[in-house]
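In case you want the letters, here they are:
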Amino acid sequence: MRLGSGTFAACCVVIQVLGVALFLRGFFPAPIRSSSRTEHQAEPPAPEPSAGDRSNWTKLPPPLFRKVVIMLIDGLRDDFVFGSKGVKFMPYTTYLVEKGASHSFVAEATLPTVTMPRIKAMMTGSLPGFIDVVRNLNSPALVEDNVITQAKAAGKRIIFYGDETWVKLFPKHFVEYDGTTSFFVSDYTEVDNNVTRHLDKVLKRGDWDVLILHYLGLDHIGHVSGPSSPLIGHKLREMDSVLMKIHTSLLSEERDTLVPNLLVLCGDHGMSEAGGHGASSMEELNTALILISSAFERKPGDIRRPKHVQQTDLAATLAIGLGLPIPGNSVGSLLFPTVEGRPVREQLRFLHLNAVQLSKLLQENVPSYTKEPGFEQFKMSERLHGNWIRLYLEENNSEVLFNLGAKVRRQYLEALRTLSLSLSRQVAQYDIYSMLVGTVMVLEVLVLLLLSMPQALSNKAELEVPLWSPVFSLLFYLVFLVLSALHVIVCTSAESSCYFCGLSWLTAGGVMALISALLCAVVSALAKVFADGRLLRKNPAHPKARWSELDVLILLGTLGHVLSLGASSFIEEEHQTWYFLVNTLCLALCHELYKNCFLSDDCEPQPCSHVEQGLVSSEPALWDRNIHCNVSKPHRVSKSPTSLDTLRGYEKWMVLASPWVILTCCRLLRSLNQTGVQWAHRPDLGHWLTSSDHKAELSVLAALSLFVIFVLVQRRCSLTSKVAMALGLLGVYCYRAAIGNVLFPWQRDSKDISKPHNLPVLVLSLLIQTLMTKFIWKPLRHDAAEITIMHYWFGQAFFYFQGNSNNIATVDVSAGFVGLDTYMEVPAAFLTAFATFAGPVLWASHLVSFLSSETRRGPAAKRSLHRPEGLLTRWPCPVLSQEAPSGSTCGSALSHACFCYALTCSFPVSAYIILVTSLRHHLFIWSVFSPKLLYEGMHVLITAAICVFFTAMDQTNTKS
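Only a predicted model underlies this, so the values are computations on that prediction, with no experimental measurement involved.

1. A short note on the pairing of strand β7 (residues 262-266)
Phase 1: Taken across its five residues, β7 has five buried, putting it largely inside the fold.
Phase 2: Of the two faces of β7, the one carrying Leu 262, Val 264 and Cys 266 and the one carrying Leu 263 and Leu 265 are both buried.
Phase 3: Pairing of strand β2 (residues 68-73) with β7 involves five bridges; the strand directions are parallel. Paired with Val 68 across the bridge in β7 is Leu 262.

And the structure:
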């Protein structure tokens with residue numbers, strides 16, 4: 001069956017999407033789990049150690065607190081409480097930290113620093129998998145052991161108000177709740193008022209044991225305005241008043257019951273300097289954690305500095321405080337200051353329970369657990385604890401008992417620290433089998449695309465695809481049987497769970513058949529290439545054809561970018577790679593342009609009539625650049641010598657100046673948004689524009705940008721389209737003014753600033769596209785392959801010009817709610833993804849528009865898009881009149897572009913999958929390599945959508 005090269009490429013990329021998805025499912029594994037406890041069955045608590053005399057303490061200790069209130073402020077990084085902002089805006093909290101009955105900590109979160117995984121970490125004590133960053137959009141019910149489930153099983157009455165993520169994680173756990181959506185980031189007022197409005201009536205009631213409040217306003221302000229916004233201070237002051245109300249109510253209740261309560265003030269994650277979160281900067285990892293209770297004695301003059309602890313330590317502390325079993329999957333340690341006021345026997349009992357739980361988890365997840373230092377320390381602590389119990393039961397109150405108790409306590413604390421560290425290193429187990437299957441699919445597609453180039457980029461832009469021959473070939477059945485046998489062996493012998501083994505036999509068999517068919521197609525294409533000898537042989541129609549300097553640059557740049565992905569620093573600062581490549585490309589185009597206008601390869605200088613015609617004539621501008629200077633050498637290929645003297649005024653200067661104008665635009669864009677890691681904290685033009693003091697300047701820039709967008713786009717529009725576009729751009733400005741981002745001339749500055757400063761990115765993108773189309777691609781007559789790869793490069797560069805990076809924290813969630821007054825999941829997710837990848841999508845759209853318009857302009861334009869000297873077109877259609885056979889037609893430029901785009905995107909994806917597999921034990925695998933892997937997976941999905949769109953447009957143009 002014959003397929004167009006575009007259709008073939010689109011099918012290949014769709015298959016690659018499936019392979020990448022399977023790889024991601026295996027690479028982002030499930031965290032360590034305990035098999036000894038389920039939601040419906042709990043083990044009896046470990047008895048107290050004894051030596052000689054038998055201890056009768058075999059039950060859990062009683063609760064330390066009567067009621068527990070958890071006040072979680074989303075995005076509460078540590079300096080908001082313990083820094084200058086806390087002193088200024090949270091005076092009551094500062095008083096409790098410095099002089100009150102409280103213990104203060106800096107809780108260090110782990111990746112990913114987004115809400116749902118952090119709630120899981122605080123309630124289960126476990127380290128969530130990195131894939132939870134995706135599940136954060138629609139949280140599934142939490143089935144692993146956790147404090148909330150244990151509290152419900154113990155008969156505790158739990159009330160919740162706030163982020164609805166809790167309701168999704170813990171369905172049917174709350175006797176009363178009111179959830180609010182966490183993704184509508186434009187709302188930072190009502191989202192907190194909906195929580196606070198319940199407080200007065202709940203605090204007066206006594207029919208609850210645990211109250212959970214999750215405030216979202218601070219995080220939403222960060223997403224929209226950043227941590228330096230004046231609204232941050234107002235929100236902190238509001239949260240301080242809420243905490244004072246809760247604390248005062250709990251103290252008044254304690255006067256009647258004489259039993260202490262516990263108030264926990266905490267954050268789930270921090271906030272980057274740009275206002276986002278999700279990555280590994282210190283501002284995102286460090287959160288405030290304050291435990292407030294009258295049970296915590298404090299002597300006058302006792303100054304306590306916040307200690308650094310792990311966020312997972314909160315689960316064990318809450319469990320001990322409520323008299324519950326510690327969650328079985330917890331890797332955290334008890335925050336000892338909360339129990340240091342209790343009798344020594346109770347202190348050791350709490351520490352022993354925590355150590356037993358951690359040691360069991362270690363035994364279930366580490367085969368050589370007996371050799372672990374933490375396990376040895378635990379056994380030593382248990383023996384010393386038994387000796388202390390023997391002395392205690394003998395009613396020995398001597399100094400020996402006191403000193404031994406202090407020694408046991410220190411030994412337990414050291415054992416807990418070491419056990420927790422050992423378990424954190426064993427955070428996950430990779431699903432190697434699923435990763436391998438996905439990798440094979442991705443690599444087979446890449447090899448198939450490479451081997452299909454001679455046919456896919458031929459004059460007909462078609463290739464023969466044997467759809468049915470693999471099914472009836474012996475090789476297919478042999479490979480299918482071998483893969484099926486391996487599947488059975490792996491799935492029956494694997495000790496750990498495997499996602500691919502969990503699929504139905506029909507689904508797994510379909511994947512095996514697809515892999516077998518792809519392998520047969522690869523073998524068939526490889527045999528045909530070697531039989532024809534066309535892979536390494538030069539184009540027979542043009543034996544003197546050679547790669548141009550631009551072709552070599554494009555090839556080396558693409559391969560160089562792929563190789564750069566092997567270093568974590570190059571991934572963190574990948575924008576520098578693309579900035580360098582597009583700048584070098586502009587210089588190469590300038591060199592080529594000047595050479596074509598002033599020099600010749602084999603001929604004397606002569607007027608560049610072709611360049612002139614391409615600029616001033618209404619006829620097709622893209623002609624073949626292979627001009628025969630010597631009629632005695634009909635097969636000699638040379639470039640057309642030209643002179644600027646034949647060009648008219650501004651056209652001559654625009655051709656010469658265009659590369660430098662583009663370089664200037666790129667330099668301005670680099671100054672607009674600092675990105676990456678090393679220099680992201682430095683001030684840039686965007687920070688200057690979004691400060692409250694420069695709203696007038698931002699308003700003028702926004703209005704000017706919208707006007708220039710209209711000027712650049714309206715040229716090809718009808719009158720009706722021009723009016724509609726003008727009204728739409730005016731609506732954009734009015735919307736920004738309505739939400740306080742910009743000002744009307746008659747309006748006072750009364751609202752806070754946001755981040756609408758990226759309009760110049762769109763303007764300069766359109767300007768660069770216009771300049772390259774009119775003054776570079778047409779005069780130099782580049783082919784479809786070169787134009788496609790240049791679009792790809794600029795699309796990647798503009799991804800970073802927007803302020804994006806390979807850091808999840810730079811995703812602008814607020815962009816998903818433009819024009820929405822309520823949260824709608826599908827539109828919000830689509831708008832967020834579209835805004836994030838607007839650069840690549842915009843340049844891909846321009847590629848379709850440009851090639852479609854040139855293809856419709858006639859045969860001359862088509863011939864120029866398939867010239868014989870292109871980067872990938874070693875097998876082009878013959879374009880010279882003396883060589884073209886009668887009736888021959890060139891294939892669609894869109895088909896060639898689709899194939900080139902798919903092939904260019906497949907290189908980094910395939911290489912990166914192999915890379916992260918080999919570096920899966922690297923120190924920065926979760927902080928650097930994994931976020932980039934998610935971006936690559938999303939990029940493959942977008943590439944598939946682009947290729948499908950290319951193919952659809954190609955079919956439309958063919959029919960028309």
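2. Describing the pattern of salt bridges
Phase 1: Considering all chains together, one arrives at 19 salt bridges under this definition.
Phase 2: In this structure, the salt-bridge partner of Arg 66 is Glu 253, at a minimum N-O distance of 2.3 Å. With a gap of 187 residues between them, Arg 66 in the loop between α1 (5-27) and β2 and Glu 253 in helix α12 (residues 230-257) connect regions that are remote in the sequence.
Phase 3: Using a relative accessible area of 32% as the deciding quantity, one classes Arg 66 as partly exposed.
Phase 4: Two residues, Lys 932 and Glu 574, come together in a salt bridge whose shortest N-O distance is 2.8 Å. On the criterion of sequence distance, the pair formed by Lys 932 in helix α37 (residues 925-959) and Glu 574 in helix α25 (residues 574-598) is long-range, its members being 358 residues apart. With respect to burial, Lys 932 and Glu 574 carry one shared label: buried.

3. Quick word on the pairing of strand β3 (residues 102-108)
Phase 1: With respect to burial, β3 is a largely interior element, six of its seven residues being buried.
Phase 2: Note that β3 and strand β9 (residues 307-310) share four bridges and pair parallel. When the sheet's bridge partners are listed, Glu 108 is paired in β9 with Gln 310.

4. Overview of the nonpolar core
Phase 1: Counting residues in each nonpolar core, the largest one holds 137 residues, and the members touching the most others are Phe 27, Phe 500, Ile 662, Ile 768, Met 772, Phe 794 and Phe 899.
Phase 2: If one sorts the elements of this core by residue count, helix α36 (residues 893-918) sits on top with 15 residues.
Phase 3: Phe 170, Ala 319, Ile 389 and Leu 401 belong to the second-largest nonpolar core, a separate cluster that totals 69 residues.

5. Points about unusual backbone geometry
Phase 1: In the segment running from Leu 111 into Pro 112, the intervening peptide bond is cis, with an omega of -5°.
Phase 2: Notably, Leu 258 is not glycine yet its phi reads approximately 60°, a positive angle.
Phase 3: Residue placement: Leu 258 occurs in the loop between α12 and β7.
Phase 4: The class for Leu 258 is exposed, based on a relative accessible area of 75%.
Phase 5: You will see that Arg 781, though not glycine, has its phi angle at about 50°, which is positive.
Phase 6: Looking at the element boundaries, Arg 781 is found in the loop between α31 (759-780) and α32 (784-801).
Phase 7: Residue classification places Arg 781 among the buried residues on the basis of a relative accessible area of 3%.

6. Some thoughts on the packing of helix α23 (residues 549-564) against α36
Phase 1: Running from N to C, α23 and α36 point in directions that differ by 20°, and their axes come no closer than 9 Å. By the angle between their directions, the pair α23 and α36 is classed as roughly parallel. Note on packing geometry: the crossing formed by α23 with α36 is right-handed. In contact with Thr 558, His 561 and Val 562 of α23, α36 contributes Thr 904, Phe 907, Pro 908 and Ala 911.

7. Focus on the state of the cysteines
Phase 1: Tallied over the full model, the rule gives one disulfide.
Phase 2: Here Cys 491 engages in a disulfide with Cys 501; their sulfurs sit 2.1 Å apart. Between Cys 491 and Cys 501 the disulfide shows an S-S torsion of about -85°. By sign, it is left-handed. Pair noted here: Cys 491 is in helix α20 (residues 474-493) and Cys 501 is in helix α21 (residues 499-502), with a separation of ten residues, a long-range link.
Phase 3: With no disulfide of its own, Cys 900 lies closest to Cys 898 among cysteine sulfurs, the gap being 9.3 Å.

8. Section: α32
Phase 1: The first and last C-alpha atoms of α32 sit 25 Å apart over 18 residues, in line with the 26 Å expected at 1.5 Å per residue.
Phase 2: Across the 18 residues of α32, 18 count as buried, placing the element largely inside the fold.

9. Section: the sheet that holds β2
Consider a sheet: its strands pair through backbone hydrogen bonds, and that pairing is either parallel or antiparallel.
Phase 1: Read from one edge to the other, the open sheet built from eight strands follows the order β5-β4-β6-β2-β7-β8-β3-β9, with strand pairing classed as mixed. Of all strands in the sheet, those with a lone pairing partner are β5 (176-180) and β9, marking the two edges. Put simply, the sheet's adjacent strands are angled 15° from each other on average, direction ignored.
Phase 2: The sheet contacts of α12 involve β2, β6 (210-215), β7 and β8 (286-292), and relative to β2 the element is tilted by about 180°.

10. Side note on the environment of Val 147
Phase 1: Looking at where Val 147 falls in the secondary structure, it is placed in helix α7 (residues 147-153).
Phase 2: According to the relative accessible area criterion, Val 147 is buried, its value standing at 4%.
Phase 3: Sequence separation between Val 147 and Ala 316 is 169 residues; the distance between their C-alpha atoms is 8.4 Å.
Phase 4: Residues within four places of Val 147 in sequence aside, it is in contact with Met 123, Ala 315, Leu 318, Leu 322, Leu 324 and Pro 327.

11. Quick word on the packing of aromatic side chains
Phase 1: Summed over all chains, the structure comprises 31 aromatic pairs.
Phase 2: Relative to Phe 378, the ring of Phe 375 lies with its centre 6.3 Å away and its plane at 55°, an arrangement referred to as tilted. Within this pair, Phe 375 and its partner Phe 378 are both found in helix α16 (residues 373-393), separated by three residues, close to a single helical turn. The same class applies to Phe 375 and to Phe 378, which are both buried.
Phase 3: Ring centres of Phe 798 and Trp 843 lie 5.7 Å apart, and the angle between their planes is 40°; on these two criteria the pair is classed as tilted.

12. What about the confidence of the model for the protein?
Phase 1: Put simply, the protein has an average pLDDT of 83, and 84% of its residues get 70 or more.
Phase 2: Every residue in residues 535-544 is under pLDDT 50, and counting partners more than four places away or in other chains gives 16 contacts.
Phase 3: This model gives residues 867-890 a pLDDT under 50, and the stretch forms 79 contacts once residues within four places in sequence are excluded.

13. Quick look at the packing of α23 against α32
Phase 1: Two numbers describe how α23 lies on α32: the axes approach to 11 Å, and their chain directions differ by 40°. On the basis of their axis angle, the class for α23 and α32 is oblique. Between α23 and α32 lies a crossing of left-handed hand. Taken together, the residues of α32 that come into contact with α23 (itself represented by Leu 550, Asp 551, Leu 553, Ile 554, Gly 557 and Thr 558) are Glu 786, Ile 789, Met 790 and Trp 793.
Phase 2: Among the residues forming the contact of α23 with α32, the class breakdown is six nonpolar, two polar and two charged.

14. Describing α31
Phase 1: Here α31 is 22 residues long and its end C-alpha atoms lie 30 Å apart, about the 32 Å a rise of 1.5 Å per residue gives.
Phase 2: Of all the bends found along α31, the most pronounced is centred on Met 772 and spans about 40°.
Phase 3: Just downstream of α31, Arg 781 is the residue with a positive phi angle, here 50°.

About the criteria used
- Residues numbered from 1 in each chain as written.
- Predicted model: local features only at pLDDT ≥ 70, side-chain atom pairs only at ≥ 80, totals over all residues.
- Heavy atoms only, no water.
- Buried < 20%, exposed > 50% of the residue type's maximum accessible area, 1.4 Å probe, protein only.
- Helix = DSSP H or I, 4+ residues; strand = E, 2+ residues; numbered from the N terminus.
- Pairing = 2+ DSSP bridges.
- Salt bridge = Lys/Arg side-chain N within 4 Å of Asp/Glu carboxyl O.
- Core = buried A, V, L, I, M, F, W, Y, C linked by side-chain atoms within 4.5 Å.
- Axes fitted to C-alpha atoms, helices over the stretch in contact; angles between N-to-C directions.
- Parallel < 35°, antiparallel > 145°, perpendicular 65-115°, else oblique.
- Left-handed = near helix turned anticlockwise from the far one by under 90°.
- Contact = heavy atoms within 4.5 Å.
- Disulfide = S-S within 2.5 Å.
- Expected span 1.5 Å × (residues − 1).
- Phe/Tyr/Trp six-rings, centres within 6.5 Å; stacked < 30°, edge-to-face > 60°.
- pLDDT = per-residue confidence, 0-100.
- Nonpolar A, V, L, I, M, F, W, Y, C, P; charged D, E, K, R; others polar.
- Bend = angle between axes of the 7 residues up to and from the residue.

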